[in-house]
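Next come the chains, spelled out residue by residue.
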Amino acid sequence: NSNIAILKTFVKEGSGVDIVSGGELYRALKAGANPNKIVYSGVGKRADEIEYALKVGILMFNVESPEELRALNESARRLKKKASFAIRVNPDVEPKTHPYISTGLKKNKFGIEANKAVREYVYAKNNLKNLIPLGVDCHIGSQITQLSPFVDALKKTKNIIALLRSEGIDVQYLDIGGGLGITYKDEDAPHPSKYGKAVMDETKGLGVTLIFEPGRVMVGNAGILVTKVLYTKQGTEKNFIIVDAAMNDLARPSLYGSYHAIKAVRKTASPIPLLVKSPSSPPLEKGDEGGFEIVADVVGPICESGDFFAKDRPLPFFQSGDLMALMSAGAYGFSMSSNYNSRPRAAEVMVKGNKFSVIRERESYKDLIKGEKLV
Ligand SMILES: Cc1ncc(COP(=O)(O)O)c(C=O)c1O
């Protein structure tokens, strides 16, 4: 989540920021991030974005292709600056996650394959005079729930660091990316302390400053999407609970078929079941809400059948007007939201103890047409 209030919360704790666009750099600076603690990843950095980052003096660019390396050198030359870089190495490690969020395989668009990366560092050292090799970067994917892919990637990255040092290239930073997974349903993701220990064991004596880019594990389970039930409907094959949030607010179920736990927002559970088990639903299991009364699809108002939050889900009783919480929506939730179907985006509210602050106002219809012109 890139809301500046959330960024500031981390910045105040001493965190740096990993960015993937000029817009994210703008947000990081607005949140008060120290440019010297900003790294810039992403396969498609535009020249204007590179120059913005050079002007504010970020720590380093995580470069993802040979052409980008030359473009970075060219931008730095134009601005009469030196650009520090790491190459994002693609270690060809299977992260055992959803294919859309695996990034460290040869077939993925990210990074440069190990041997080629070493050649690029050597080429840069000899030919690209406005560049300074500062580190090595490796981010293999997201929602990774085992330690072994991280350890495998680290082993490969350590070999690269050794090779680079033998070529006289001074590697000061190792950016090991993010990717640690969280529990959405029953995933048994390692605790960050276990991940930390595995990284420390693997990098002992390596003589580098480590950079971490965790996202989901920091905020995923810190956020929920609260929506209101508009209608309930009993179809011939299924029950539907139609809510006022939609795939434009939380895209993960539509995009990856992701599971988000669903809870009723009420002080006491209502005992009256309105809907019955649908004929097509699977054998009932105890839901993680601690009991259920219906099996239904939870869907939004958007004109796509892909607009759903849950399918054939055992749920507690809901009726029109009830509030429903879609759990674990703190990461890749609002940040992936859109205005599809001309739906103003939701407000964002930060809660601390029994206090709350609105950190982003609900969008208005006027916001929807901002910048548009009648011709
Ligand atoms: C380069 C990079 N670093 C870090 C992250 C954060 O990953 P996660 O949220 O899985 O920790 C991402 C996610 O897309 C990324 O692309």
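Residues numbered from 1 in each chain as written. Predicted model: local features only at pLDDT ≥ 70, side-chain atom pairs only at ≥ 80, totals over all residues. Heavy atoms only, no water.

**Describing the domain arrangement of the protein chain**
Phase 1: Taken domain by domain, the protein chain holds domain 1 (4-220) and domain 2 (223-367).
Phase 2: The interface of domain 1 with domain 2 comprises 13 residues on the first partner and 14 residues on the second.
Phase 3: For the domain 1 and domain 2 pair, buried surface summed over both sides reaches about 1200 Å², with 61% attributable to carbon and sulfur atoms.
Phase 4: Where domain 1 packs against domain 2, one counts zero salt bridges.
Phase 5: Our count for the contact surface shared by domain 1 and domain 2 stands at one residue pair in polar contact (both at pLDDT 80 or more).
Phase 6: Put simply, the parts of the chain that give the side of domain 1 that touches domain 2 at least two residues each are α1 (4-12) and α8 (216-219).
Phase 7: For the side of domain 1 that touches domain 2, the residue count by class is six nonpolar, five polar and two charged. (Domains from an automatic or database assignment. Contact = heavy atoms within 4.5 Å. Buried area = accessible area lost by both parts, 1.4 Å probe. Salt bridge = Lys/Arg side-chain N within 4 Å of Asp/Glu carboxyl O. Polar contact = N/O pair within 3.5 Å; in protein donor to acceptor, adjacent residues only side chain to side chain. Helix = DSSP H or I, 4+ residues; strand = E, 2+ residues; numbered from the N terminus. Nonpolar A, V, L, I, M, F, W, Y, C, P; charged D, E, K, R; others polar.)

**Topic: the site of the ligand**
Phase 1: Around the ligand, a shell composed of D18, S41, R88, H139, S142, G178, G179, E213, P214, G215, R216 and Y332 is seen.
Phase 2: Residue E213 places a side-chain N or O atom 2.5 Å away from a nitrogen atom belonging to the ligand.
Phase 3: Burial of the ligand by the protein chains amounts to 84% of its free accessible area of 400 Å².
Phase 4: Its residues assigned to classes, the shell around the ligand comprises two nonpolar, six polar and four charged. (Near = heavy atom within 4 Å. Areas by Shrake-Rupley, 256 points an atom, 1.4 Å probe, with all protein chains shown as cover.)

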